[in-house]
Amino acid sequence: MEERRRAPRIEDENEVTITVVSGGKNLPEEEINGNYIKDISVCGAKIQTNILLPVNTLLELDFTSKGVHQQIKILGKVIWRKVINENESYEFGVEFYPSKEMEKLDDYISWQLESNKSEFIKNKVPPIDSGNKNIVETKKVPPIKNKQWIKIAIILLGTIILIVVLLKIFGS
C-alpha cells in the first residue's frame, strides 16, 4: 500500500480539547475534554476520545505542545473514525485546514524530531537519514498552495488600496 501522508508524523500523547464547529445533530456544543492526540503532523492528527463523531464533522482542536509549551488552536475535519471499545473509546483522523497555527505546529514537530523526544512513525518508505533519528521520506505538500495564499492576500490588499484611493479622489 502506497504511503499517502504529505508530511512527517510523530507519535504524541498530548491532551486536546475539542469543540464541534459543525457536523450534525446531537453533537455536544460545549468543549469536549479528556481527549488525546495519538500522532500528529502539520496536515492532521489521530485523536482518541470517548465520543463518536461523524465523518466530515468540523472541529477546533486546542492543545498545548509538550516541550515548547505553545498553545495551538487549529481547525480540522474528521476524515475517518474507528471504534476501539463500543460506547467507551474511539479514534478518528482529523485533516487540518491551512492556518497561521500550522507554523507553530511545524515548529513543534521539528523540535520533537530534532531533539529526538518522539518516536517517528515508521512505514515502508526507506529512511532518508541514516543518523539516530527515525526519519522517513514522505511526500511534501506542493509549494504552489502557499503561493496561492500569497497571491490572494496581495490581490485583496491591492483592492483595498484601490478603493481607498478612489474614495479620496472622488469623495464619499
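Here, every reference points to the structure presented above.
Quick summary incoming for the structure in this document. (Residues numbered from 1 in each chain as written. Predicted model: local features only at pLDDT ≥ 70, side-chain atom pairs only at ≥ 80, totals over all residues. Heavy atoms only, no water.)

Right, let's talk about the nonpolar core for a bit. Side chains of a nonpolar character, in soluble globular proteins, are inclined to be buried together. Counting residues in each nonpolar core, the largest one holds 28 residues, and the members touching the most others are Ile40, Ile47, Leu59, Leu61, Phe92, Phe96 and Leu105. Among the secondary structure elements, those contributing two or more residues to this core are strand 1 (10-22), strand 2 (32-40), strand 3 (44-49), strand 4 (58-64), strand 5 (71-85), strand 6 (89-96) and helix 1 (101-115). For this core, the leading source of residues is helix 1, giving five residues. (Core = buried A, V, L, I, M, F, W, Y, C linked by side-chain atoms within 4.5 Å. Buried < 20%, exposed > 50% of the residue type's maximum accessible area, 1.4 Å probe, protein only. Helix = DSSP H or I, 4+ residues; strand = E, 2+ residues; numbered from the N terminus.)

Throughout the structure, instances matching the rule amount to three salt bridges. Lys46 is the salt-bridge partner of Asp39, the closest N and O atoms lying 3.9 Å from each other. Judged by its relative accessible area of 5%, Asp39 falls in the buried class. For Lys46, a relative accessible area of 23% translates into the label partly exposed. (Salt bridge = Lys/Arg side-chain N within 4 Å of Asp/Glu carboxyl O.)

On the surface, a nonpolar cluster with roughly 710 Å² of combined accessible area is contributed by Leu157, Ile161, Leu162, Val165, Leu166, Ile169 and Phe170. Relative to the assigned elements, Leu157 resides in helix 2 (residues 144-170). (Patch = residues over 30% accessible without salt bridge, like charges linked within 9 Å, V, L, I, M, F, W, Y side chains within 5 Å. Areas by Shrake-Rupley, 256 points an atom, 1.4 Å probe, with all protein chains shown as cover.)

With antiparallel pairing, the six strands of this closed barrel are ordered in space as 1-2-3-6-5-4. Geometrically, the sheet is characterised by an average inter-axis angle of 45° between neighbouring strands, direction not taken into account. Alignment of strand 5 against strand 6, held across eight bridges, turns out to be antiparallel. By the bridge assignment for strand 6, Arg81 is matched with Phe92. (Pairing = 2+ DSSP bridges. Axes fitted to C-alpha atoms, helices over the stretch in contact; angles between N-to-C directions.)

Now for unusual backbone geometry. At Asn56, a position not held by glycine, the phi torsion is positive, near 80°. Within the element layout of this structure, Asn56 appears in the loop between strand 3 and strand 4. At Asn87, a residue that is not glycine, the phi angle is positive and equals roughly 65°. Relative to the helices and strands, Asn87 is located in the loop between strand 5 and strand 6. A residue is classified by how much of its surface remains accessible, and Asn87, at 64% relative accessible area, is exposed.

Honestly, it's all geometry; don't read function into it.
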